[in-house]
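Here are the chains, one letter per residue:
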Amino acid sequence: RGKRPAGAPDKKLARPVTKVGVVGAGLMASQLALLFAKNLKVPVVMTDIDQERVDKGVGYVHAEVDKLLGKGRISSDAANRTKALVTGSVSKEAFADADFVIEAVFEEMSVKKQVFAEVEAVVSPECILATNTSSLSVTEMAADLEHPERVVGFHFFNPVAVMPLLEIVRAPKTDDAVLATAFVLAKQLKKTAVLVKDAAAFVVNRILGRMFGEITKVFDEGTDAATADNALRSMGLPMTPFNLLALVGLPVGQHVQESLHAAFGDRFHVSENSQKLIDAGIKSLWQQDSDGKPYVP
Ligand code: CAA
C-alpha cells in the first residue's frame, strides 16, 4: 500500500471526476487535455476565445496521440478512444456537467479571476476549480468566488507528458474534499504530488527564478547569452537555463520573475533586457556567439 503524501487528506474524502474542463487551448492547456484524457479516460473539453484556437488545441492532442501510436506506446484502440474523449468549444457552457475544471490561460490575475467567475456561473457548487498558475496567488484567485473552498492550485511542469512533478497548492479556504480529490487525480495522472504553500511561484519556480535572475543579470552585464548558457552546459543540468527558458516561453518566465520580484524584492532580478530577449527570440541571440559559431542545443 502506497504511503499517503505529506499533507494529503484521507482519499476516502475524494470526489469522483467523470468529466474534465480545460480553460485555454494553448500549449500548456493542450498538454493537460492529453494527460487527463489518456490517464483518466474521461471526457475532456477545452475552451478558448475563438474556434481557430480551439481547433489548434484539439489538433495538437490528436497529433501527440498519433506520435504515441507511431512509437508503439499506445494501442490503436486506446489512441482512438483518447482522441474521441477530447473535444473543444468556444463556450464555457460546455463545462456545465464537469466535476473538475483547470485553467491554463494567460498569467494575469484579472484574467484568471474573470475566467473562474465565468466558470463558476455554469458549473455545480461541487465542481473543483484548479489553476495551473506558475506564480500567482491561488488565494487571491479564489477571493471573489461564491465557493472559494473549491479552488486548488495544480501546477504542472513542461513538458507535461514527461515531467513527473505536480505542485498542489492549498489556499486557506480550500476544503479537504477538494484537496483529497487533487491528490487522487495526481496519482491517476501518474504524477508525484507535493503539497506546497500558496507563496509567490511556490517552490520549484522560486528556485529556478534565482537561476534565471542570475543568468539574465550576467547577460545584462555584457556577457552574451550563448557564452553564459554554454558555461552551464557541463554542470549536469538536464537543460541549460536559456534552453529551459525557451521551452517554458520567455514571457511566462518573465511573469514568474516579476511575481518573485514583487514578493521578495531584489533577490529576484528582473532583466532590463527581457523585452530584447523576447523580441529577438532566445535562439537568435545564441547565434551572436562571439566566435560566430552557431549554437547547437
Ligand atoms: N512533449 C512530449 N514528450 C516530450 C517532449 C515534449 N515537449 N519533449 C521530450 N519529450 C519526450 C521524448 O519524446 C522522449 O520520450 P521517449 O523516450 O518516449 O521517446 C523523452 O521525453 C526524452 O526526450 P529526449 O530523449 O528527446 O531528451 P532528453 O533526455 O533531453 O529529455 C527532457 C528531455 C525530459 C525535457 C529533459 O531535457 C528535461 O528534463 N529538461 C528539463 C525540463 C524542466 O526542467 N522543466 C521544468 C520547467 S519549469 C516549468 O515548466 C514550470 C513553469 O511554471 C514555467
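All residue numbers refer to positions counted from 1 along the written sequence of the respective chain. Side-chain atom pairs in this predicted model are given and counted only at pLDDT of 80 or more, local residue features only at pLDDT of at least 70, and totals for whole chains, interfaces and linings cover all residues.

The protein chain is annotated in an unreviewed UniProt entry as Enoyl-CoA hydratase/isomerase family protein from Arthrobacter pullicola.

Moving on to the overall build of the protein chain. A count of helical and extended segments in the protein chain gives 12 helices and eight strands. Using C-alpha atoms as the atom set, the radius of gyration is obtained and then compared with a globule rule of 2.2 Å times the number of residues to the power 0.38. Taken over C-alpha atoms, the radius of gyration comes to 20 Å for the protein chain, in line with the 19 Å a tight globule of 297 residues would show. If you line up the protein chain on its principal axes, its C-alpha atoms span 60 × 45 × 45 Å. Contact criterion: two residues are in contact if their C-beta atoms, reconstructed from the backbone, are within 7 Å. Contacts in the protein chain between residues far apart in sequence, at least 24 positions, make up 71% of those at least 6 positions apart. By definition, any uninterrupted DSSP run of H or I lasting at least four residues is a helix, any uninterrupted run of E lasting at least two residues is a strand, and each is numbered from the N terminus.

A word on the confidence of the model for the protein chain. Confidence of the predictor at the level of single residues is given by pLDDT, which spans 0 to 100. Mean pLDDT over the protein chain stands at 91; residues scoring 70 or higher make up 93%. Within the model, pLDDT remains below 50 along residues 288-297, and this stretch shows 13 contacts once partners closer than five positions in the same chain are excluded.

Here we come to the nonpolar core. When buried Ala, Val, Leu, Ile, Met, Phe, Trp, Tyr and Cys residues are joined through C-beta atoms within 7 Å, the set is termed a nonpolar core. Burial is judged by counting the other C-beta atoms within 10 Å of a residue's own C-beta: 20 or more makes it buried, 12 or fewer makes it exposed, and any count in between marks it as partly exposed, with every C-beta position built from the backbone. Residues Val-22, Leu-32, Ala-33, Val-44, Val-101 and Val-152 are the most contacted members of the largest nonpolar core, which totals 65 residues. When residues of this core are assigned to domains, at least three map to each of domain 1 (11-197) and domain 2 (205-285). The residues contacting Val-44, other than those within four sequence positions of it, are Val-20, Val-22, Ala-33, Phe-36, Ala-37, Leu-85 and Val-86. Membership of the second largest hydrophobic core comes to eight residues, among which are Ile-215, Ala-226, Phe-242 and Leu-245. As used throughout, domain bounds are those supplied by an automatic or database domain assignment.

Moving on to the site of the ligand. By definition, a residue lies near a molecule or strand when the C-beta atom built from its backbone is within 6 Å of it. Around the ligand there are 14 residues in total, and Ser-134, Phe-157, Asn-158, Pro-159 and Pro-238 lie nearest to it. Put simply, the parts of the chain that give the shell around the ligand at least two residues each are helix H7 (204-220) and helix H9 (241-248). Per-domain counts for the shell around the ligand show at least three residues from each of domain 1 (11-197) and domain 2 (205-285).

All right, on to the environment of Ser-89 then. For Ser-89, the position within the fold is in strand S3 (residues 86-89). In this structure the C-alpha to C-alpha distance between Ser-89 and Leu-232, which are 143 residues apart in sequence, comes to 43 Å. Discounting residues that sit within four places of it in the chain, Ser-89 has contacts with Val-45, Thr-47, Val-54 and Ala-94.

Geometrically, the link from Asn-158 to Pro-159 is a cis peptide bond, its omega value of -15° lying close to zero. Checked against the element boundaries, Pro-159 lands in the loop between strand S6 (151-156) and strand S7 (165-170). Positive phi values are uncommon outside glycine, yet Lys-190 reaches one of about 65°. As for its position among the elements, Lys-190 is in the loop between helix H6 (176-188) and strand S8 (192-197). Phi is positive for Phe-202, which is not a glycine, with a value near 55°. In this fold, Phe-202 is placed in the loop between S8 and H7. A tally of 22 C-beta atoms within 10 Å means that Phe-202 is categorised as buried.

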